Amino acid sequence: QVQLVESGGGLVQAGGSLRLSCAASGSILSINRMVWYRQASGKQRDLVAAITSGGTTTYADSMRGRFTISRDNAKNTVYLQMDSLKPEDTAVYYCGADITTLRNSRTSYWGQGTQVTVSS
């Protein structure tokens, strides 16, 4: 079965940077769109960024210019480079991907999330 594992979260001071990684594993035939969502305490889960298999990117307005999403198809991995972090960026960040496997047609999968905390 497919597993998505995030890494790179942690504590950082305002103005600092973090780089999140999300690696997909399993009997994967292809990965289409890969996304990052985040959910702050008491808030809904919102899209941070998305990237298609062809490399087209989408960003939420509040993250555009500070965050960069990229992917390494050879490693089945998506990255989120976060710069100029603000306390309001504090949230659990979730990786998602639309994946086709040997057993299933294209299906959405999600990681368990990684905590990002930005101190003021």
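Below you will find a few notes about this structure. Predicted model, so just to flag it, every value in this text is computed and none were measured.

Summarising the element assignment, S21 is placed in strand 3 (residues 18-25). Every residue in contact with S21, bar those within four places of it in the chain, is listed here: V5, E6, S7, W36, T77, V78 and Y79.

Here we take up the pattern of salt bridges. When charged atoms on two side chains of opposite charge get close, those side chains can pair. Evaluated as defined, the whole model comprises three salt bridges. Of the charged contacts in the structure, one is a salt bridge between D89 and R38, with a shortest N-O distance of 2.9 Å. With D89 in the loop between strand 8 (77-82) and strand 9 (91-101) and R38 in strand 4 (residues 28-39), the pair connects residues that are 51 residues apart, well separated along the chain. Assessed through its relative accessible area of 14%, R38 is described here as buried. With a shortest N-O distance of 2.8 Å, D89 and R66 are connected by a salt bridge. You can see D89 sitting in the loop between strand 8 and strand 9 and its partner R66 sitting in the loop between strand 6 (57-59) and strand 7 (67-72), a full 23 residues away along the chain. Since its relative accessible area comes to 1%, D89 is described here as buried. Relative accessible area serves as the criterion here: at 10%, R66 is assigned to the buried category.

Here is what the cut-offs are and how they apply
- Residues numbered from 1 in each chain as written.
- Predicted model: local features only at pLDDT ≥ 70, side-chain atom pairs only at ≥ 80, totals over all residues.
- Heavy atoms only, no water.
- Helix = DSSP H or I, 4+ residues; strand = E, 2+ residues; numbered from the N terminus.
- Contact = heavy atoms within 4.5 Å.
- Salt bridge = Lys/Arg side-chain N within 4 Å of Asp/Glu carboxyl O.
- Buried < 20%, exposed > 50% of the residue type's maximum accessible area, 1.4 Å probe, protein only.

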